[in-house]
Amino acid sequence: ASSRKGQAVNHQPDRITDQRATAPGLPNPSPPSHALSAACSPPATVSSATPCPMAPRGGDGGQSTYGFPIYCATWVPLAHILKPDAPTAGDADADDASSSAPPPPSAQMAVLGGGGGEGRSGVPNKLVVAALEGDAAPALCTEPVLVVETKEQVPYRMAVHPRGDGVLVSFPNGCRLYQWKSKEGKKPHKLDLNCDEESLVELKDVGSQLAVSFSGEGSILATGGEDGHLRVFKWPSMESVLAEADTKTSIKDLSFSSDEKFLAVNRSSGPCRVWDLKSSEVVANLPREAGEIFSFCRFSNKTDGTHILFITAMQGDYGKIISWNTTSWTRIGSKKITREAISAFAVSPDGARLAIGTIEGSVIVLGSKNMQTLVTVKKAHLGIVTTLAFSHDSKTLLSTSFDSTARVTSVGSIKSHRTSVWPMILAIILAILVYYCMQHKEDLLAMLPH
């Protein structure tokens, strides 16, 4: 894969075969013939309340190994899932609003998906929920909170509903919804994840969906298929908002604006198309420049309340990030970031940071305003970076890889993003010395030996 620097690389394989993921650009094997319902099974393992064995630490974050290739991952919105403890007699006079509010989570958790594929590789396909542990060097606990086996169906795309309605998982034949089940109490081990076989009938046999996403408020769902079919639904009614079929291209990525007004869609060829979700019409076709191959797209909020659209692209041997104005739909910036092909991309919820992962396993975090590199983790993983996800508070970055590892990098306070005062002090001292020499030039010359 490292020899394919000049080509855009999808961050996960389009199909999973017996013991390996199909490398980007190689022909896809035939789709699996088994029924999608095989992916639904009860949680296979629910962890006890025993302390978590801490994962190995490294650099500014911790790396954990889970024993299966990880194709997709994201953070869990615990505040919308965990139920508060049952009220006691002393809480009778508490305010109704505060007593019904979701409890603040004691720890963050992430859900990971992947496996060995449909063959007899000996590596199970599953969803794993793991808790974040540690403060100075956080890492995901290697002892899962729960494990849900998906039998012969490998999960390789997922979207977690932001208000706790569940996890939408994309399998080779279609999608399934896994719903959270929380018992009373705030402890993370009181959490289950169950497959809902009755929901998402509209996405049951639609083939491989290479992009799935909920809007920021969770009221809209969009999926993009390998067959080029774009589907957008209202959630949870699944009423169709728009649909577009293009059999000549596949959908590589899509992104909602935070106000749920726009949807950006990147395909395997052609421009980035922006849809107005109220009118269900295309408002912009963002063109590529010579030699550019678009891959990922993400909307981000600016401090003045407006939006900006970021698109990653490969151009020659360089991976770059392009920024677009969302009023005029014109390019406002572009910067070459790496000579490695970009395999994953994320924007922090606060809009302050961007992150890219590469096919060589590196992770780079940048400031969104000037695209200055804030931190680089070379060889953060031994394989392709498959997923990047910022935590809800924008302070932690999760990255995963085919090498079965999940790494957590703290990005809340990065020293390199502060302005150093020493160059300024040295410049002032130098200016004073130059001024002194100019004012006392004759005296200094007189002191020199004749």
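Residues numbered from 1 in each chain as written. Predicted model: local features only at pLDDT ≥ 70, side-chain atom pairs only at ≥ 80, totals over all residues. Heavy atoms only, no water.

### Some thoughts on the overall build of the chain
Counting secondary structure elements, the chain contains three helices and 31 strands. When the 450 residues of the chain are sorted by exposure, 51% land in the buried category. Across the chain, the fraction of contacts at a sequence separation of at least 24, relative to all contacts at a separation of at least 6, is 55%. Accessible area of the chain: about 20,700 Å², with a carbon and sulfur share of 53%. (Helix = DSSP H or I, 4+ residues; strand = E, 2+ residues; numbered from the N terminus. Buried < 20%, exposed > 50% of the residue type's maximum accessible area, 1.4 Å probe, protein only. Contact = heavy atoms within 4.5 Å. Areas by Shrake-Rupley, 256 points an atom, 1.4 Å probe, with all protein chains shown as cover.)

### Section: the confidence of the model for the chain
Overall, the prediction assigns the chain a mean pLDDT of 83, with 76% of residues at 70 or greater. In this model, residues 1-37 is a region of pLDDT below 50 whose contacts with residues beyond four sequence positions or in other chains number 108 contacts. Across residues 44-50, confidence stays below pLDDT 50; counting only partners more than four residues off in sequence or on other chains, it has 15 contacts. (pLDDT = per-residue confidence, 0-100.)

### Some details on the sheet that holds strand β9 (residues 157-160)
Read from one edge to the other, the open sheet built from four strands follows the order β9-β10-β11-β12, with strand pairing classed as antiparallel. Each end of this open sheet is capped by a strand with a single partner; those strands are β9 and β12 (191-196). Taking each pair of neighbouring strands and ignoring which way they run, the sheet shows an average axis angle of 25°. Direction of pairing for β9 relative to strand β10 (residues 167-171): antiparallel, over a ladder of four bridges. From the neighbouring strand, Arg157 faces β10, where its bridge partner is Ser170. (Pairing = 2+ DSSP bridges. Axes fitted to C-alpha atoms, helices over the stretch in contact; angles between N-to-C directions.)

### Remarks on the pattern of salt bridges
When the charged atoms of two side chains with opposite charge come close together, those side chains can pair. Per the stated rule, a full pass over the model turns up twelve salt bridges. Notably, a salt bridge pairs Glu239 with Lys234, separated by 3.9 Å at the nearest N-O pair. Lys379 is the partner of Glu360 in a salt bridge, and the nearest nitrogen-oxygen pair spans 3.5 Å. Taken together, the residues Glu360 in the loop between β26 (353-358) and β27 (363-367) and Lys379 in the loop between β28 (373-377) and β29 (385-390) connect sequence positions 19 residues apart. The exposure class assigned to Glu360 is buried, which follows from its relative accessible area of 17%. You can call Lys379 exposed: its relative accessible area is 52%. Each of Glu289, Glu292, Lys320 and Arg331 takes part in one network of salt bridges that share partners. (Salt bridge = Lys/Arg side-chain N within 4 Å of Asp/Glu carboxyl O.)

### Some details on the packing of aromatic side chains
The geometry of an aromatic ring pair comes down to the distance between the two centres and the angle between the two planes. Evaluation of the coordinates by the stated rule reveals three aromatic pairs. Ring geometry for Tyr71 against Phe402: centres 5.6 Å apart, planes inclined by 80°, an arrangement best described as edge-to-face. Of this pair, Tyr71 sits in strand β4 (residues 70-75) while Phe402 sits in the loop between β30 (396-401) and β31 (405-410); the two residues are 331 residues apart in sequence, bridging distant segments of the chain. The class for Tyr71 is buried, based on a relative accessible area of 2%. Since its relative accessible area comes to 23%, Phe402 is described here as partly exposed. Across from the ring centre of Tyr318, 4.6 Å away, lies the NZ or CZ of Lys336, which sits over that ring. (Phe/Tyr/Trp six-rings, centres within 6.5 Å; stacked < 30°, edge-to-face > 60°. Lys NZ or Arg CZ within 6 Å of the ring centre and 35° of its normal.)

### Quick word on the sheet that holds strand β13 (residues 209-214)
Spatially, four strands are ordered β13-β14-β15-β16 in an open sheet, and the strand pairing comes out antiparallel. Both outer strands of the open sheet, β13 and β16 (240-244), are each paired with one neighbouring strand and no more. Across the sheet, the mean angle from the axis of one strand to that of its neighbour is 10°, orientation sign disregarded. Of the pairings in the sheet, the one linking strand β14 (residues 220-225) to strand β15 (residues 230-234) comprises five bridges and is antiparallel in character. Pairing of Ile220 across the sheet is with Lys234, part of β15.

### Some points on the pairing of strand β5 (residues 109-114)
A large share of β5 lies buried, amounting to six of its six residues. Pairing of β4 with β5 involves five bridges; the strand directions are antiparallel. Paired with Thr74 across the two strands is Val111, which belongs to β5. When β5 meets strand β6 (residues 126-133), the two strands line up antiparallel, connected through six bridges. Across the sheet, the residue bridging to Gly114 is Lys126, located in β6.

### Quick word on the nonpolar core
Membership of the largest hydrophobic core comes to 23 residues, with the highest contact counts inside it found for Met109, Tyr178, Trp180, Leu191 and Leu193. Secondary-structure elements contributing two or more residues to this core are β5, β6, β8 (146-149), β9, β10, β11 (174-182) and β12. Beyond its immediate sequence surroundings of up to four residues, Leu191 is in contact with Leu78, Ile81, Leu82, Met109, Leu146, Trp180, Lys181 and Ser182. Core analysis: the second largest hydrophobic core is formed by 16 residues, Phe68, Ala73, Leu112 and Ala389 among them. (Core = buried A, V, L, I, M, F, W, Y, C linked by side-chain atoms within 4.5 Å.)

### Observations concerning the environment of Cys175
Within the secondary structure, Cys175 is located in strand β11. Sequence spacing of Cys175 and Val206 is 31 residues, and the spatial spacing of their C-alpha atoms is 8.0 Å.

### Thoughts on the environment of Gly134
Of note, Gly134 is situated in the loop between β6 and β7 (139-140). Expressed as a C-alpha distance, the spacing of Gly134 and Gly62, which sit 72 residues apart in the sequence, is 9.1 Å.

### Some words on unusual backbone geometry
Of note, the bond from Trp235 into Pro236 is cis; its omega dihedral lies within 30 degrees of zero at 5°. Structurally, the position occupied by Pro236 is in the loop between β15 and β16. Non-glycine residue Ser404 carries a positive phi angle of around 75°. Inspection of the secondary structure assignment puts Ser404 in the loop between β30 and β31. Residue Ser404 is classed as buried on the basis of its relative accessible area of 11%.

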